[in-house]
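Reading the structure
One-letter residues, chain by chain:
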Amino acid sequence: MERTTLYGHGIWNVKIWIGLAFIFIILNSSGNLEIKSPYWFSEFILYGLMVIGLWTNKRYDLRKRIGIPRQLAPFAFIFLVWLFGMMFEISLTVTGKGIGGIHPETLPSFILAQGDYIPLAIVSYLVIRKLHLSFPEVFFFAGGKSLTEGLLFTGLLTDLIFSPQFFLAPIALAYYALAYSSFIALPLLFIDEELLWQEPEPKQRHAIPYFWILGFILALGIRIFWGLIYSPIVTQLLRLPPNALGN
């Protein structure tokens, strides 16, 4: 396997997963009457950046040309994960009145979201640094993180698996992977991942399923921290009703 492959190989080729995710988006959009955020389209801006970023890196090696200094690369990565995460967050809403997917009101929702997005950004950087992850490895690492939402906290993927439409579960899984990678992996299309790696090189390379599992475990820890510590503290400080959270 190439050390810094852009797409990945075989069934772990990110182009296949992005294509499957787009199929799910198209199927899910037909007749969709769900309440939408005023900025629902920001999610698709991220997906567009993903596709354009892959193309420009394949053709022009964009992330090498940008040339961010090594000392600034970790801060740039964490900032971009947070920034893209906030772009994704504004595409969500609980009631249609406020912006953000955690609380009906905009400001509380974004304050609560920081306890999720910031730890996700920092933990992702530390894993990339320690394990020398490439872009496709981070893509599926983000997919593993998404499973905590799809299988546990919202349970939408779990419900689909046990529904008559269970055959759509693979493309729904691809959508979850794309959604989370659109803020966790996307920065690596602008920042050379090698700038984030520590020395020495890891002695062992891992298969893609390892990163799915690792992402799930680490995200589960972050969400347990959010649910047991961060959210109750913020709820008390903002004097929010206990049942006001969107998920």
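To be clear, the structure that these remarks concern was listed above.
Before going into details, it helps to say that this report is about the structure given with it.

Take the environment of E43 next. The topology assignment puts E43 in helix α2 (residues 42–60). Given the relative accessible area of 11%, E43 is considered buried. Taking the C-alpha atoms as reference points, E43 and F88, 45 residues apart in sequence, are found 5.2 Å from one another. Within the structure, the side chain of E43 is placed 2.6 Å from the side chain of Y175, a separation counted as a polar contact.

Glancing now at the side chain of T93. By the secondary structure assignment, T93 is in the loop between α4 (73–89) and α5 (106–131). Residue T93 is classed as buried on the basis of its relative accessible area of 17%. There is a polar contact of 2.9 Å between the side chain of T93 and the backbone nitrogen of G96. In terms of polar contacts, T93 uses its side chain to reach the backbone carbonyl oxygen of G98, at 2.6 Å. Sequence-distant contacts of T93, defined by excluding residues within four places in its chain, comprise I35, K36, S37, G98, G100 and G101.

Attention now goes to the pattern of salt bridges. In this structure the tally under the stated criterion is 5 salt bridges. The partner of E194 in a salt bridge is K64, and the shortest N-O contact between them spans 3.9 Å. Here E194 is found in the loop between α8 (169–184) and α9 (208–238), whereas its partner K64 is found in helix α3 (residues 62–66), with 130 residues between them in sequence. Judged by relative accessible area, E194 falls into the partly exposed class, the value being 30%. The salt bridge partner of R205 is E137, with a shortest N-O separation of 3.0 Å. With a gap of 68 residues between them, R205 in the loop between α8 and α9 and E137 in helix α6 (residues 135–153) connect regions that are remote in the sequence. Here E137 falls in the buried class, since its relative accessible area comes to 2%.

Conventions used here
- Residues numbered from 1 in each chain as written.
- Predicted model: local features only at pLDDT ≥ 70, side-chain atom pairs only at ≥ 80, totals over all residues.
- Heavy atoms only, no water.
- Helix = DSSP H or I, 4+ residues; strand = E, 2+ residues; numbered from the N terminus.
- Buried < 20%, exposed > 50% of the residue type's maximum accessible area, 1.4 Å probe, protein only.
- Polar contact = N/O pair within 3.5 Å; in protein donor to acceptor, adjacent residues only side chain to side chain.
- Contact = heavy atoms within 4.5 Å.
- Salt bridge = Lys/Arg side-chain N within 4 Å of Asp/Glu carboxyl O.

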